[in-house]
Amino acid sequence: MAVKTSFRGAVSEIITPFDENSKLDLGLLQAEVDYQVESGIAALFSNGLAGESFDMNVDELIAVNKEVVRCNAGRLPIMANITGNNIENCMKLLRAYEDSGVQS
């Protein structure tokens, strides 16, 4: 994967918000991304350790990242975390992140 973006400045990790039914809270996620962008952050980081990445399966991680990319709407560069002990799952995440437009 070729790195297309040079990250400079503070990068903010997105915290994955859930509703009372343990479903992704899309409205709160949009508000979080908007707040980060409006606050002058340099880039976003999805599915990090503060984003509950260890508690979600691969498909959930992909869904969260796609939603962060959608909410961001190209305003900031995005990085995404790949953590796991299964190479197939890590490769699935990598491909999905690349397809979504994540820069690194």
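Each remark here, short or long, concerns the structure printed above.
Bear in mind that the values here come from a model prediction, so they are computed numbers and not experimental data.

Rules used in this analysis
- Residues numbered from 1 in each chain as written.
- Predicted model: local features only at pLDDT ≥ 70, side-chain atom pairs only at ≥ 80, totals over all residues.
- Heavy atoms only, no water.
- Salt bridge = Lys/Arg side-chain N within 4 Å of Asp/Glu carboxyl O.
- Helix = DSSP H or I, 4+ residues; strand = E, 2+ residues; numbered from the N terminus.
- Buried < 20%, exposed > 50% of the residue type's maximum accessible area, 1.4 Å probe, protein only.
- Core = buried A, V, L, I, M, F, W, Y, C linked by side-chain atoms within 4.5 Å.
- Contact = heavy atoms within 4.5 Å.
- Expected span 1.5 Å × (residues − 1).
- Arc of directions from axis to C-beta.
- Polar contact = N/O pair within 3.5 Å; in protein donor to acceptor, adjacent residues only side chain to side chain.
- Pairing = 2+ DSSP bridges.
- Axes fitted to C-alpha atoms, helices over the stretch in contact; angles between N-to-C directions.

A. Layout of the pattern of salt bridges. The final tally for this structure, using the stated rule, is three salt bridges. Between Arg 75 and Asp 34 there is a salt bridge whose closest N-O contact spans 2.7 Å. Of this pair, Arg 75 sits in the loop between α2 (58-72) and β3 (78-80) while Asp 34 sits in helix α1 (residues 26-38); the two residues are 41 residues apart in sequence, bridging distant segments of the chain. On the basis of relative accessible area, Arg 75 is assigned to the partly exposed category, the value being 37%.

B. The arrangement of the nonpolar core in detail. Counting residues in hydrophobic clusters, the biggest one holds 21 residues, and the most contacted among them are Val 33, Leu 44 and Val 68. Breaking this core down by element, the ones donating at least two residues are α1, α2, β3 and α3 (87-100). Non-local contacts of Leu 44, meaning those with residues more than four positions away in its chain, are made with Val 11, Ser 12, Ile 14, Val 33, Gln 36, Val 68, Asn 72, Leu 76, Pro 77, Ile 78 and Met 79.

C. α3, seen in detail. If you check α3, its first and last C-alpha atoms are 20 Å apart, about what 14 residues at 1.5 Å a residue would give, namely 20 Å. Along α3, the residues classified as buried are Cys 90, Leu 93, Ala 96, Tyr 97 and Ser 100. The buried side chains of α3 occupy one side of the element, clustering within an arc of 130° when seen end-on. Seen from the open side of α3, the exposed residues pointing more than 90 degrees away from its buried face are Ile 87, Glu 88 and Asp 99. For α3, the N-terminal capping position is held by Asn 86, with its side-chain oxygen 3.0 Å away from the main-chain nitrogen of Glu 88. Directly beyond the C-terminal end of α3, a positive phi value near 105° is found at Gly 101.

D. Structural detail: the sheet that holds β3. As summarised here, the arrangement of the three strands in space is β1-β2-β3, forming an open sheet in which the pairing is parallel. In this open sheet, the two edge strands, each paired with only one partner strand, are β1 (11-13) and β3. The average angle at which neighbouring strand axes cross in this sheet is 25°, direction not considered. Summarising the sheet, strand β2 (residues 43-46) and β3 pair through three bridges and their orientation is parallel. Bridging across to β3, Phe 45 finds its partner in Met 79. Sitting on the sheet, α2 touches β2 and β3, and the angle it makes with β3 is about 175°.

In short, geometric facts, not functional conclusions.
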